[in-house]
Amino acid sequence: MPSLEGAHPADADPSGAYALLRRHAGRLTARERPGHTLTPTALVHEAFLRVVRAHLTPEAGAPFVAAASKAMRRILIEHARARTADRRDRRRHVDVDLDSLPQVDGVAQDAASSDDLVSQLRAVSDEHAAVFEARILRGASIDEIAANLGVSRRTVQYRLRGALAWLAARFAPD
């Protein structure tokens, strides 16, 4: 199997450049996650377009193959970054002022539904459920919760924000 270093079949035959790039694209995409949307062929074609726009033709041989190989790696990186950005954009931001949360004396009015809610949250995270229950249902202060759980005030705030975000997502309309 010819490598991308050393002698290139593309030096003798421009169609050899395509075959070499296609094999290289196959190796690159084989390393990607399952279900990756870029096929080796699409990757070669996109790289080809980028390199041709830079005024390099397949007749250039090895420099064309090297530039196209570099372009394929860049395309995969850009694709991964765009996918990560899409996931970040889909997350909703829940703005919570932890100091303005209501202090509730005693148990919530609908004990059955609040217990069910805490049980569902506990299935996701015991730590978040404990903070949620202490702050919202029992009305404990953030400092009291931190002391009881043996964690920092910041950790309590983080877990409470997480619990409230879970709650907001759970009851938000689709």
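Residues numbered from 1 in each chain as written. Predicted model: local features only at pLDDT ≥ 70, side-chain atom pairs only at ≥ 80, totals over all residues. Heavy atoms only, no water.

Before going further, it helps to examine the packing of aromatic side chains. Two measures describe an aromatic ring pair: the distance that separates the ring centres and the angle between the ring planes. Summed over the entire model, instances satisfying the criterion amount to 1 aromatic pair. Aromatic pair Phe 48 and Phe 64: ring centres 5.6 Å apart, planes at 70 degrees, arrangement edge-to-face. Taken together, the residues Phe 48 in helix α2 (residues 40–53) and Phe 64 in helix α3 (residues 62–90) connect sequence positions 16 residues apart. By relative accessible area, Phe 64 is classed as buried at 1%. (Phe/Tyr/Trp six-rings, centres within 6.5 Å; stacked < 30°, edge-to-face > 60°. Helix = DSSP H or I, 4+ residues; strand = E, 2+ residues; numbered from the N terminus. Buried < 20%, exposed > 50% of the residue type's maximum accessible area, 1.4 Å probe, protein only.)

The geometry of helix α5 (residues 126–137) relative to helix α6 (residues 142–149) is characterised by a closest axis approach of 10 Å and an angle of 140 degrees between their N-to-C directions. With respect to their mutual orientation, α5 and α6 come out oblique. α5 and α6 meet at a crossing whose hand is right-handed. Residue-level inspection shows Val 131, Ala 134 and Arg 135 of α5 in contact with α6, the latter providing Ile 142, Ile 145 and Leu 149. Split into classes, the residues belonging to the contact of α5 with α6 amount to 5 nonpolar, no polar and 1 charged. (Axes fitted to C-alpha atoms, helices over the stretch in contact; angles between N-to-C directions. Parallel < 35°, antiparallel > 145°, perpendicular 65-115°, else oblique. Left-handed = near helix turned anticlockwise from the far one by under 90°. Contact = heavy atoms within 4.5 Å. Nonpolar A, V, L, I, M, F, W, Y, C, P; charged D, E, K, R; others polar.)

Another point: the nonpolar core. With 18 residues, the main nonpolar core has Phe 132, Ile 145 and Val 156 as its most contacted residues. Of all elements in the fold, only α4 (111–124), α5, α6 and α7 (153–171) reach the threshold of two or more residues within this core. Per element, the largest residue contribution to this core is 6 residues, and it comes from α5. In contact with Val 156, other than residues within four places in its own chain, are Val 131, Ile 142, Ile 145, Ala 146 and Val 151. In terms of nonpolar packing, the next biggest core, distinct from the first, is built from 16 residues, Ala 17, Leu 20, Ala 47 and Phe 64 among them. (Core = buried A, V, L, I, M, F, W, Y, C linked by side-chain atoms within 4.5 Å.)

Judged by side-chain polarity, Phe 48, Leu 49 and Val 52 come together as a nonpolar surface patch covering roughly 220 Å² of accessible area. When you line up the elements, Leu 49 lands in helix α2. (Patch = residues over 30% accessible without salt bridge, like charges linked within 9 Å, V, L, I, M, F, W, Y side chains within 5 Å. Areas by Shrake-Rupley, 256 points an atom, 1.4 Å probe, with all protein chains shown as cover. Salt bridge = Lys/Arg side-chain N within 4 Å of Asp/Glu carboxyl O.)

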